[in-house]
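Chains, contacts and geometry: an overview
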Amino acid sequence: MEPLSAEDVHVAVRAELDAVDTAYGRLRSVCTDLAGNAFRIEVAARLEAQDRVNRGLSYRMFGEIAEPVDGVGMPAGVKVRDVLASRLRLTAGEVKRRFRIASRIRARRSPTGAPLPPELPALAAAVEEGEVGEDHIAAVCQALDRLPSVVAPADREAAERTLVRHAREEDSRFVAAIGVGIADCLNPDGTFTDEDRARRRGVVLGRQGPDGMSRLSGWLDPEGRAYLETVTAAQRPGRHVPDGTEGRDTRTPEQRCHDGLKLGLKAGVESGALGQHRGLPVTVIVTTTLGELEQACGWARTGGTGRLPMRDVIRMAGEAIHYLAVFEDHSTRPLYLGRAKRLATEDHRIICYARDRGCTKPNCFEPGYHCEVHHAQPWSEGGPTDADNLHFGCACDHKMATDGEYTTTVTEDGRIAWSDGSGPPRVNDVHHPERLLADSDEPPGPGPGAGP
Ligand SMILES: [Zn+2]
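Since we're looking at a predicted model, the values are computed, not measured.

1. Section: the pattern of salt bridges
Applying the stated criterion across every chain yields a total of 22 salt bridges. Glutamate 128 serves as the salt-bridge partner of arginine 60, at 3.0 Å between the closest nitrogen and oxygen. Pair noted here: arginine 60 is in helix α2 (residues 37-66) and glutamate 128 is in helix α5 (residues 121-128), with a separation of 68 residues, a long-range link. For arginine 60, a relative accessible area of 28% corresponds to the partly exposed category. Overall, the relative accessible area of 38% leaves glutamate 128 in the partly exposed class. Here aspartate 82 and lysine 361 are joined by a salt bridge, their closest N and O atoms 3.6 Å apart.

2. Notes on empty space enclosed by the protein
Taken as a whole, this structure holds 2 cavities of 30 Å³ or more when the rule is applied. The computed volume of the largest cavity comes to approximately 100 Å³. Forming the walls of the largest cavity are Arg355, Asp356, Gly358, Cys359, Thr360, Arg415, Ile416, Val427, Asn428, His431, His432 and Arg435. A class-by-class count of the residues in the lining of the largest cavity yields 3 nonpolar, 5 polar and 4 charged.

3. What about the packing of aromatic side chains?
Within the structure shown, the criterion is met by 2 aromatic pairs. Taking the centre distance of 5.1 Å and the plane angle of 65° together, the rings of phenylalanine 62 and phenylalanine 99 count as edge-to-face. Taken together, the residues span a long stretch of sequence, with phenylalanine 62 in helix α2 and phenylalanine 99 in helix α4 (residues 92-105) at a distance of 37 residues. Like phenylalanine 62, the residue phenylalanine 99 is buried in the burial classification. Ring centres of tyrosine 406 and tryptophan 418 lie 5.9 Å apart, and the angle between their planes is 70°; this geometry places the pair in the edge-to-face category.

4. With respect to helix α11 (residues 253-271)
Taking 1.5 Å of rise per residue, 19 residues should cover 27 Å, and α11 covers 27 Å from first to last C-alpha, within 8% of that figure. Just downstream of α11, glycine 272 is the residue with a positive phi angle, here 75°.

What counts, and at which threshold
Along each chain, the written sequence defines residue order, and numbers are assigned to residues from 1. Whole-chain, interface and lining totals are the exception, using all residues; otherwise, since this is a predicted model, local features are given only for residues with pLDDT of at least 70 and side-chain atom pairs are given and counted only at 80 or more. Side-chain numbers come from the whole structure's heavy atoms, not from hydrogens or water. By convention in these notes, a salt bridge is any Lys or Arg side-chain nitrogen within 4 Å of a carboxyl oxygen on Asp or Glu. Segments assigned H or I by DSSP are reported as helices when at least four residues long, segments assigned E as strands when at least two residues long, and all are numbered from the N terminus. Accessibility here uses a 1.4 Å probe with only protein chains present; expressed as a share of the type maximum, an area under 20% marks a residue as buried, one over 50% as exposed, and anything in between as partly exposed. Put plainly, a pocket is an open set of points on a 1 Å grid over the protein atoms alone with protein on both sides within 12 Å along at least five of seven lines, a cavity is a set where a 1.4 Å probe fits but cannot get out, and a lining residue has an atom within 4 Å of a point. Grid points are joined across faces, edges and corners, and a volume is the space filled by probe spheres set on the points. Amino acids outside the nonpolar list (Ala, Val, Leu, Ile, Met, Phe, Trp, Tyr, Cys, Pro) and the charged list (Asp, Glu, Lys, Arg) are all regarded as polar, and Gly is one of them. Working definition: rings of Phe, Tyr and Trp (its six-membered ring) pair if their centres are within 6.5 Å, and the pair is stacked with planes under 30 degrees apart, edge-to-face with planes over 60 apart, and tilted otherwise. A helix is expected to span 1.5 Å multiplied by its residue count minus one.

Here it is in structure tokens:
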């Protein structure tokens, strides 16, 4: 059969999508007040099935976008992930996740161009048919990824078929339970290699709560556990007891483990053995204003995403291992830098921490620790290396600006505005919630003070 031309495909697909939109519009306008619950359950089931069909088609698009068979991608230089994220209003992480799933369930091609079946053929068929939901996909992938490398490829394929067969019939929790059973059955002796462990290791530092506490969760490898156990065991009664607790150590085992971890990290930072990070010694960077410091209340900011109570800042500064920058209120000029040696580049970075807090590209959440120092007016075009011309950009965005995919200008109030040429330059307010709140009554658009 002769394949349709691109134009014929556009017309056909748009017509079908229009028909779906029209049908949904009519569906929304039907009142179901008197339908009865048995019927509502039937409707809910059909909507769920349609949602899964929809998801299967969406994964097809992501797979084809990643590797267009026709070879027609976006114009050179345009980052397709950025376009998808903004057009679909998805987070960068979600776009990445969908591409990752799509790459596992779409037909592949060998380096010579010959077609290869998908990595997960049974799952691919079920997704394409709209038979499984997002939770099933996650459960199947997680169960397969947890299988250790001793499992033979044929057993792995059989496991995939079994998991998908159940995913078509049962809920995702059942599929996850089947996955655990299969793993036990295929690896009865619990043989795990170093690679298996390396794959599973990971620690998640959760969001800092309003009380300043952060949830830590994850998986330690055996070596990591050995270190943590050692520093925890060193937290004996009478030693390393936090200030104010006289005599007996009344800490719980959990509190001792926490204090051991904290002490180990502090000792690591203090040792100076961690070297340098982007030109500064690896140390905690804290910025605050004179007013807050004098009142000894409120919160200072770290170079990550964290906040530190002012009392902790004062105590830590006394121990002289941290890089403390104090600013005049409402100013980007430092009054005090808590390190004796002043290198120009270090000072500039500190100012970026205080003024920018993180990447300056609109809607980028990367904190200061992950940022490079970007010349708003390129150094190659005579841009000065002084603080007013230097701003934070994460590695990815800094590169795009350097490559000319974005242009940057300094606004009247000393911030940096980015433009990709498709709209007016915009500033990044995500690291400055106080500005977001101040603007909340205005329609979204260029940030305050955006240049021409
Ligand atoms: Zn960025």
